[in-house]
Amino acid sequence: MSIIWAWQESVAEYVAAGQQVVAPVPECPGCRRRLARWSGYWRWVRYPVDQRRIWIRRTRCRRCRSSHALLPDFLFFRRLDVVATIGQVLALRATVDVELRALARRFDLPRATLRGWWARFRARSPTLLAAVVEVGVGLDSAPLDLRQKGEAVVFEALEQACQRAHRRFGEQPIGELWRFWSRISGGKVLTTNTSAP
Ligand SMILES: [Zn+2]
């Protein structure tokens, strides 16, 4: 299982930190005890103009006998590309109807990869919308003002929820829209899991 945490710097700075990267040690999602540090693993990340290996810290709960990867919030669970790339591609497809073929060229990515994101996103969009609306209403009890149709409404809701988070917590702790999405979804925007995050 993965836990998403807020990395305040750029992806390049995370890459540069290597195995020295310092992640906060969270509570165990199962029993709420403080987790113990426990090694880590290398994985790849692809971001505009580069693809590099990064170190992902792991923690372990002795009571639950479970381990948890601590994923920085510029990633989604089990996706190579950074959330900013995935988010922009999905938003452009959903809100201004740009063809995946054109997006693949613009972002210099395999078309099959984009097709996979889009199919998963479409299948999950009702769940994703419900989760984003819940966060938005949790931050400010007024209903969101949603006017878009189809999948575009997910991004409309996401922007409004993110604005509410900014109003409540200020600019710095929230960061950019796509990282916010990763944090509130637990990195599970494009997982096969169909239950609400
Ligand atoms: Zn535990």
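Residues numbered from 1 in each chain as written. Predicted model: local features only at pLDDT ≥ 70, side-chain atom pairs only at ≥ 80, totals over all residues. Heavy atoms only, no water.

## Remarks on the pairing of strand S4 (residues 66-72)
Within S4, five of the seven residues are buried, which leaves the element mostly enclosed by the surrounding structure. Note: strand S1 (residues 2-5) against S4, four bridges, orientation parallel. Along S4, the bridge assignment pairs Ile3 with Leu70. Pairing of strand S3 (residues 50-61) with S4 involves five bridges; the strand directions are antiparallel. When the sheet's bridge partners are listed, Arg58 is paired in S4 with Ala69. Joining the antiparallel neighbours S3 and S4 is a turn of four residues, in which Arg65 adopts a positive phi near 55 degrees. (Buried < 20%, exposed > 50% of the residue type's maximum accessible area, 1.4 Å probe, protein only. Helix = DSSP H or I, 4+ residues; strand = E, 2+ residues; numbered from the N terminus. Pairing = 2+ DSSP bridges.)

## Topic: the pattern of salt bridges
Counting across every chain of the model gives nine salt bridges. With a closest N to O distance of 3.1 Å, Glu27 and Arg32 form a salt bridge. Of the residues examined, Glu27 reaches a relative accessible area of 42% and is grouped as partly exposed. Connected through shared salt-bridge partners, Asp73, Glu176, Arg179 and Arg183 make up one network. (Salt bridge = Lys/Arg side-chain N within 4 Å of Asp/Glu carboxyl O.)

## Remarks on the packing of helix H2 (residues 83-96) against helix H4 (residues 111-139)
Packing of H2 against H4 leaves a shortest axis separation of 10 Å and a crossing angle of 70 degrees. Compared by their axis directions, H2 and H4 come out roughly perpendicular. The way H2 lies across H4 gives a crossing that is right-handed. Here H2 contributes Thr85, Ile86, Val89, Leu90, Arg93 and Ala94 to the contact with H4, which in turn contributes Leu114, Trp117, Trp118 and Phe121. Tallied by class, residues from the contact of H2 with H4 come to eight nonpolar, one polar and one charged. (Axes fitted to C-alpha atoms, helices over the stretch in contact; angles between N-to-C directions. Parallel < 35°, antiparallel > 145°, perpendicular 65-115°, else oblique. Left-handed = near helix turned anticlockwise from the far one by under 90°. Contact = heavy atoms within 4.5 Å. Nonpolar A, V, L, I, M, F, W, Y, C, P; charged D, E, K, R; others polar.)

## A look at the coordination of the zinc ion
Surrounding the zinc ion are the protein donor atoms Cys28 (SG), Cys31 (SG), Cys61 (SG) and Cys64 (SG), which sit 2.2 to 2.4 Å from the metal. Around the zinc ion sit four donor atoms; with metal-centred angles ranging over 101 to 114 degrees, the donor geometry is tetrahedral. As a motif over one chain, the donors of the zinc ion read C-x2-C-x29-C-x2-C. Note that Cys28 is positioned in the loop between helix H1 (11-17) and strand S2 (36-47) and Cys61 in strand S3, a separation of 33 residues in sequence. Here Cys28 matches Cys61 in class, with each residue buried. (Donors = N, O, S within 2.8 Å, 3.2 Å for Na, K, Ca; no water. Tetrahedral: all angles 85-135°; square planar, octahedral: opposite > 155°, others 65-115°.)

## Regarding unusual backbone geometry
In the Ramachandran plot, Asp97 falls in the positive-phi region, its phi being about 60 degrees despite a non-glycine side chain. Relative to the helices and strands, Asp97 is located in the loop between H2 and helix H3 (100-107). Residue class for Asp97 comes out exposed when judged on its relative accessible area of 55%. Here the phi dihedral of Asp108 falls at roughly 55 degrees; this positive angle occurs in a residue that is not glycine. Along the chain, Asp108 falls in the loop between H3 and H4. Classification of Asp108 as exposed rests on a relative accessible area of 70%.

## Focus: the nonpolar core
Counting 60 residues, the largest nonpolar core has Phe74, Phe121, Phe155, Trp178 and Trp181 as the members making the most contacts within it. Leave out the neighbours within four places in its chain, and Trp181 touches Phe76, Phe121, Leu128, Val132, Val154, Phe155, Leu158 and Val189. (Core = buried A, V, L, I, M, F, W, Y, C linked by side-chain atoms within 4.5 Å.)

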